[in-house]
Amino acid sequence: MAECLPHFPPLPELRRRCRQLARAAQEYMLDGHRLTIHDIRIHQKSAGKATLEHVHSFYEGHVLLSGVGRYAMGESQTLGPGGALLHGPHTMHAWAASEVSCVRLLVWFSLEPMIPAPRPTTWPEWPDLLWDLSLLFDDAAATAPGWHTRVTARLTVVLSRLLAVINWPASP
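Think of each chain on its own: its residues are numbered from 1, step by step along the sequence as written. Per-residue local features are limited, in this predicted model, to residues with pLDDT of at least 70; the limit for side-chain atom pairs, both in listing and counting, is 80 or more; totals at the level of whole chains, interfaces and linings are taken over all residues. Computation of side-chain values: all heavy atoms of the structure, hydrogens and water removed.

Engineer: Explanation requested: helix α1 (residues 11-24) in the structure shown.
Structural biologist: In an α-helix, one full turn covers 3.6 residues, which means residues spaced three or four apart are oriented alike. Only runs of H or I of at least four residues qualify as helices and only runs of E of at least two qualify as strands under DSSP, and these elements are numbered from the N terminus. Expected helix span is computed as 1.5 Å times (number of residues minus one). Taking 1.5 Å per residue, 14 residues should reach 20 Å; α1 reaches 20 Å between its end C-alpha atoms and fits that length. Here a residue-residue contact requires only that any non-hydrogen atoms of the pair lie within 4.5 Å. The elements touched by buried residues of α1 are β2 (33-45), β4 (59-71), β7 (93-112), α2 (129-141) and α3 (147-164).

Written out as structure tokens, the structure reads:
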């Protein structure tokens, strides 16, 4: 039986909500680290299209919302909805859509002090993370009193899951 996944709003509306999220949760503390959100974006890749190898001076978290994508560095890995990646600053990476288009959430952020972000042997697929994102996007749309606090809390859940990809926080 196929897993039930949330439905997301159309891309223009998702992009609008991402802009709201990026403005709402710009900087806060996470486990003793100052976390600064640089941007939150939705990217769509057409079937067979790729993002060339590149680096950033910040962390880049990816969550595949729909379609099929392929991590295109080293040992290639195909990921479906809920596929999660986290690249540390100055880490070369590339991405490609498979035979179907894909939509990804990208979160660009910094942590101070920085933490190492080694590439795991395989990237996880967490379809349940999509439900957390669905709630996050819903809260971004409902700008009722207290929404900044709610979206910051939900974004912390998502970022904590992405940071878990690199086993952070590490046990002392």
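Engineer: In this structure, what is going on with the pattern of salt bridges? I would like to understand it.
Structural biologist: Oppositely charged side chains are able to pair whenever their charged atoms sit close together. Here, a salt bridge means any side-chain nitrogen of Lys or Arg that lies within 4 Å of a carboxyl oxygen of Asp or Glu. Taken as a whole, this structure holds ten salt bridges when the rule is applied. Here R161 and D128 are joined by a salt bridge, their closest N and O atoms 3.0 Å apart. Of this pair, R161 sits in helix α3 while D128 sits in the loop between β7 and α2, and the two are 33 residues apart along the sequence. Each residue gets one of three labels from its accessible area relative to the maximum for its type: buried under 20%, exposed over 50%, partly exposed in between, using a 1.4 Å probe on protein chains only. Look at D128 and you get partly exposed, because its relative accessible area is 40%. By sharing partners, the salt bridges in this structure join E13, R16, R17 and D138 into a single network.

Engineer: Whenever I open this one, the pairing of strand β6 (residues 84-87) confuses me. Can you help?
Structural biologist: Burial along β6 is two-sided: A84 and L86 facing one way and L85 and H87 facing the other are all buried. Relative to β6, β4 runs antiparallel, the two sharing four bridges. Residue pairing for β6: H62 is matched across the bridge by L85. Two strands qualify as a pair provided that DSSP identifies no fewer than 2 bridges between them.

Engineer: Explain α3 to me, please; I cannot follow it from the model alone.
Structural biologist: The end-to-end C-alpha distance of α3, which contains 18 residues, comes to 26 Å, matching closely the 26 Å that a straight helix rising 1.5 Å per residue would cover. Those residues of α3 not exposed but buried are W147, V151, T152, L155, T156, V158, L159, L162 and L163.

Engineer: What exactly am I supposed to notice about the nonpolar core here?
Structural biologist: Ranked by size, the top nonpolar core spans 51 residues in total, and within it L65 and F109 carry the most contacts. Mapped by element, the contributors of at least two residues to this core are α1, β1 (27-30), β2, β4, β6, β7, α2 and α3. For this core, the element with the most residues is β7, which contributes nine residues. Those residues in contact with F109, other than ones at most four positions away along the chain, are L35, T36, I37, H38, F58, Y59, G61, L86, L159 and L163. Residues grouped as a nonpolar core are buried Ala, Val, Leu, Ile, Met, Phe, Trp, Tyr and Cys residues, joined through side-chain atoms within 4.5 Å.

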